[in-house]
Amino acid sequence: MSLLRRRKPINESDKASEASDLKPQIEKEEDQQEDDNGNDKNKKKIPPRIKKKHVEKPPKWSCLDTCCWFIGCICVSWWLLLFLYNAMPASFPQYVTEAITGPLPDPPGVKLKKEGLRVKHPVFFVPGIVTGGLELWEGRKCAEGLFRKRLWGGTFGEVYKRPLCWVEHMSLDNETGLDPCGIRVRPVSGLVAADYFAPGYFVWAVLIANLARIGYEEKTMYMAAYDWRLSFQNTEVRDQTLSRIKSNIELMVATNGGKKAVVVPHSMGVLYFLHFMKWVEAPAPMGGGGGPDWCSKHIKAVVNIGGPFLGVPKAIAGLFSAEARDIAVARAIAPGFLDNDIFHLQTLQHVMRMSRTWDSTMSMIPKGGDTIWGGLDWSPEEGYSCSKKGERKNDTLIADPGTESAVSQASSANYGRIISFGKDVAEASSSDVERIDFRGAVKGNSAANTTCRDVWTEYHDMGFAGIKAVAEYKTYTAESIVDLLHFVAPKMMARGTAHFSYGIADNLDDPKYKHFKYWSNPLETTLPNAPEMEIFSLYGVGLPTERAYVYKLSHAAECYIPFQIDTSADDEDTCLKDGVYSMDGDETVPVLSAGFMCAKGWRGKTRFNPSGIRTYIREYSHSPPANLLEGRGTLSGAHVDIMGNFALIEDVVRVAAGASGEELGGDQVFSNIFNWSKKINLQL
C-alpha cells in the first residue's frame, strides 16, 4: 500500500506535465483551424524571428565532402569490380576473347610439349634494371614497420604513403655508391624477385610458366636477383652476388647430369652478365678465379633479350634532365606541375637526386663514341623513314634499295646529334652551327635558391654561367656527351668512370683492359674462349625508339632542373615528335645497340670474338593486341612486353630443350641492321 501511495503523486504530476505540454499544441491546432476557416481575423502574427526557429537549415556541402565522396565512389567501384573479377570463372576472359577474335593459339609450352620437348639444360635468368624487387632490412625511424617489405616492386604502397622516406631509402650514398649509414635495402630472392613487377604486370612470369609446361621447376630454373642500383663490381663487393651466380651455375650443372646452362639475360642484365663472364675467368681478388675455360665448361648459350650492348640514348636524357619522352609529354600537358614548388612536390628533382646515386644507370651511356653513333653530319641510320616498313623473306630483310637513298635526298634527321639546343640547331649544317666550348667554362655562383635547397641536385652547384655555357655549345654527339655529364654531374661521373668505360679498344692485349671497368663494354673486352657456346640477340622492332633530343633552357633555374626537352619541336619528315627523334627499336633500345655486336662486332672470328662463338639475331616485329581483352598481347615487340611474345618464348624454350641457332632457323631480321652495321667503320 505504501508503494501505491508513492506512485500516485508521480502519476498525477506526469499527467499534469503531459497536459501542460499538450496545451500549447492544442492551442496551436485551434489557431490553425481558425486561420483555415477565416474566423480569427484579429489574430496576432508570429514574429519572424520566432518562425525561423522552426525552419531547418540545409546542411552545408564543402569541397572536402565532395572529395571524400569521390574517393569513396572510386574505392567502392574498385572493390566491386575486384569482387566480380574474382567471382567469375577463370576461363571467362578467354571465352570472351575467343568469342571476339576466334580460338587462341596454344601457349608455346603446350605446343612444344605436344612435340615431345622436355627439360634438358638448366635455365638461368638475369633480370634487368628496375624489374627486380628490393626489400628493406634496416632503415631510419620513418620506415618503422617496413622490415622485409618491398620498397621496389609489388604495390609500391610506400611511394604515396611516405614518399620522402621512400626516396631516402631508395637512394645510395652519393660518394661511395653503396649503402647510406643506417640503411640496408637488399634484392628479393627466388623466382618471385622478378616474375611480376607489380600485381598483374608480368616480366618473367609468362616465360617461367611456359618452361614449367615442359617439365621445368625451381631445381632447373634460377633467378639471379641482384641489386640493380649498384655498379656491377659493387654487387660483388657488398653482396657477393657474382660469387653466388658462379656457385649456383656450377651447382645446377652438377645436379642436372653435367648439362650446361642456358643463360637468359634481359635489358641491363645483358651487360651485367657480360661483366660476369669476364669476372668469373679473371684471377682473384678482382675476379672469380674460375680459369679461362669456365664459360666453355658451364654455359651452352646466352640468349640475350632486349640487350643494350652499346647503351641507349634514353639513359642520357634520364641523367641530364630526369626525363624522357613520356615525362616530357606529361610536362607539356600539365605545365609546371611536375617541377613546380607550389605544392612542394618537386618530383623531377627528387627523381634526379635519387637516380643519380644509382651507378648502374651509367652502364647504359652510349658506347663507341662517334664511330658507332655518328657525328655532326652523319649516322649509320641516315635516311631512315618512320613510315618505311621492312618485310622478311628467307630470314633477311627485303627492301627497295632506292627507298633509303630517296629518303636521304629528301630529308633526314641528324641522329648523330644526340642533344641539340633548338630545332634549328638540330637541322642546320654543321658549318652553320657556332659553338662555344663549355669544358673550360667558369660555372660562376651557385644557382640554388634557399627555398629548394632541401632537394639538392648537382645543378645547384652550377652557376648561371655554367648553365649558359652548356646551352651555347649547341649540340652534342656521343663523344662530347660523356664530357657534358662530367661537367654537369661531376660527383656522379667520378663514380661512374671508376666502374664503366665508353670507348673502343685500340689494342685488347693492353694490360689496362684487365680492369673490371672495361668488362661490360663489348668494344673494350673479348668474349670468353668457348667456341661451342652460342650467343643470341633477341629484340623487338617496329616501335618508335628514342635516338636524339631537342632541348631548351627552362624559364627559371632556381628550383627547376635548368634543361628540358622541347615538346613543341615536331617534324614528321624527320621522325621528330615532342622534341624526340625516333628510330626503329623496342621503345627503349634502338636496333643499332641491340643488334650491332651480333651482326658485325662478334660475327665470325674478330678481335672481340677470338674463338669464333656463333652469333644469331632474332628480331620480332611488333604487333599490338587486337583488343583490350588480350592485355599486353602475344606479339608485342616492346622492351618489357616482349617477355610475353609467343614467338620469342618458343625460341627460348627450344634452346633450353637443346636446339641450336641453326635449328631455330638462323637469323630472323626485319630491320636494316646489317646495312647500318656496314656503315660503321670499326676495325675487326
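The rules behind these values
- Residues numbered from 1 in each chain as written.
- Predicted model: local features only at pLDDT ≥ 70, side-chain atom pairs only at ≥ 80, totals over all residues.
- Heavy atoms only, no water.
- UniProt positions renumbered as here; feature names shortened; annotations may be inferred.
- Disulfide = S-S within 2.5 Å.
- Helix = DSSP H or I, 4+ residues; strand = E, 2+ residues; numbered from the N terminus.
- Buried < 20%, exposed > 50% of the residue type's maximum accessible area, 1.4 Å probe, protein only.
- Salt bridge = Lys/Arg side-chain N within 4 Å of Asp/Glu carboxyl O.
- Pairing = 2+ DSSP bridges.
- Axes fitted to C-alpha atoms, helices over the stretch in contact; angles between N-to-C directions.
- Contact = heavy atoms within 4.5 Å.
- 1 Å grid on protein atoms, 1.4 Å probe; cavity = no way out; pocket = protein on both sides within 12 Å on 5 of 7 lines; lining within 4 Å.
- Points joined across faces, edges and corners; volume = space filled by probe spheres on them.
- Nonpolar A, V, L, I, M, F, W, Y, C, P; charged D, E, K, R; others polar.

The protein chain has the name phospholipid:diacylglycerol acyltransferase in an unreviewed UniProt entry, where Durio zibethinus is given as its organism. Looking at the protein chain in UniProt, the text filed under Sequence similarities (unreviewed entry) is "Belongs to the AB hydrolase superfamily. Lipase family." Taken verbatim from the UniProt record of the protein chain, the Subcellular location (unreviewed entry) comment is "Membrane".

Draft legend 1. Region of the structure containing the state of the cysteines. If you walk through the whole model with that rule in mind, you get 2 disulfides. Two residues share a disulfide in this structure: Cys 142 and Cys 165, whose sulfurs sit 2.1 Å from each other. The sign of the 80° torsion about the S-S bond sets the Cys 142-Cys 165 disulfide as right-handed. With Cys 142 in the loop between strand 2 (134–138) and strand 3 (150–152) and Cys 165 in helix 7 (residues 163–170), this pair connects stretches of sequence that are 23 residues apart. For Cys 142, a relative accessible area of 33% corresponds to the partly exposed category.

Draft legend 2. Examining the pattern of salt bridges more closely. Tallying each qualifying case throughout the model produces 28 salt bridges. A salt bridge links Asp 106 to Lys 114, with the nearest nitrogen and oxygen atoms 2.8 Å apart. Judged by its relative accessible area of 62%, Lys 114 is exposed. Here Asp 227 and Arg 229 are joined by a salt bridge, their closest N and O atoms 2.8 Å apart. Linked through salt bridges whose partners overlap, the residues forming this network are Asp 179, Arg 186, Asp 227, Arg 229, Arg 238 and Asp 239.

Draft legend 3. Here's a closer look at the sheet that holds strand 8 (residues 261–265). Taken in spatial order, the 6 strands line up as 7-1-8-9-14-19 in an open sheet, and their pairing is parallel. At either margin of the open sheet sits one strand with a lone partner, and together these are strand 7 (221–223) and strand 19 (614–621). Here the strands of the sheet are splayed against their neighbours by 15° on average, with no regard to which way each runs. The sheet contact formed by strand 1 (residues 123–126) and strand 7 spans 3 bridges and is parallel. Each residue of the ladder has a partner; that of Phe 124, found in strand 7, is Tyr 222. Where helix 8 (residues 205–213) meets the sheet, it contacts strand 1 and strand 7, and its direction lies at approximately 175° from that of strand 1. Helix 22 (residues 591–601) rests against strand 14 (534–541) and strand 19 of the sheet, and its axis sits at about 155° to strand 14.

Draft legend 4. Seen up close, the environment of Ala 498. The topology assignment puts Ala 498 in helix 21 (residues 490–499). Judged by its relative accessible area of 37%, Ala 498 falls in the partly exposed class. Apart from residues lying up to four places away in sequence, Ala 498 is in contact with His 515, Phe 516 and Lys 517.

Draft legend 5. Layout of the sheet that holds strand 2. Spatial ordering of the open sheet is given by 3-2-4, a layout of 3 strands whose pairing is antiparallel. With partners counted over all chains shown, the strands left at the sheet margins are strand 3 and strand 4 (184–187), one partner each. Each neighbouring strand pair of the sheet contributes to a mean axis angle of 45°, computed without reference to strand direction. Taken together, the 4 bridges between strand 2 and strand 4 define a ladder with antiparallel strand orientation.

Draft legend 6. Up close: empty space enclosed by the protein. Following the criterion strictly, the structure yields 3 cavities of 30 Å³ or more and no others. Its volume calculated, the largest cavity comes out at about 50 Å³. Taken together, Val 270, Phe 273, Leu 274, Met 277, Val 302, Asn 304, Phe 309, Leu 527, Ile 535 and Trp 602 make up the full set of residues lining the largest cavity. Taken together, the elements giving at least two residues each to the lining of the largest cavity come down to helix 11 (268–281) and strand 9 (299–305). Looking at the lining of the largest cavity element by element, the count peaks at 4 residues for helix 11. Across the lining of the largest cavity, the residue classes break down as 9 nonpolar, 1 polar and no charged.

Draft legend 7. Structural view of unusual backbone geometry. For the peptide bond that leads from Ala 284 to Pro 285, omega is 5°, which places it in the cis range. On the secondary structure map, Pro 285 appears in the loop between helix 11 and helix 12 (294–298). With a phi angle near 55°, Ser 267 is a residue other than glycine that sits in the positive phi range. Secondary-structure assignment places Ser 267 in the loop between strand 8 and helix 11.

Draft legend 8. Quick peek at the side chain of His 121. Along the chain, His 121 turns up in the loop between helix 5 (108–114) and strand 1. Setting aside its immediate chain neighbours within four residues, His 121 contacts Tyr 216, Lys 259, Lys 260, Val 262, Lys 300, Val 655, Ala 656 and Gly 658.

Draft legend 9. Here's a closer look at the pairing of strand 18 (residues 580–585). Extensive coverage of strand 18 is indicated by the burial of 6 of its 6 residues. Bridge count for strand 17 (residues 576–577) against strand 18 is 2 bridges, and the pairing is antiparallel. The partner of Leu 576 across the bridge, within strand 18, is Tyr 581. In this structure, the hairpin formed by strand 17 and strand 18 is closed by a connection of 2 residues, where Asp 578 is found at a positive phi of approximately 55°.

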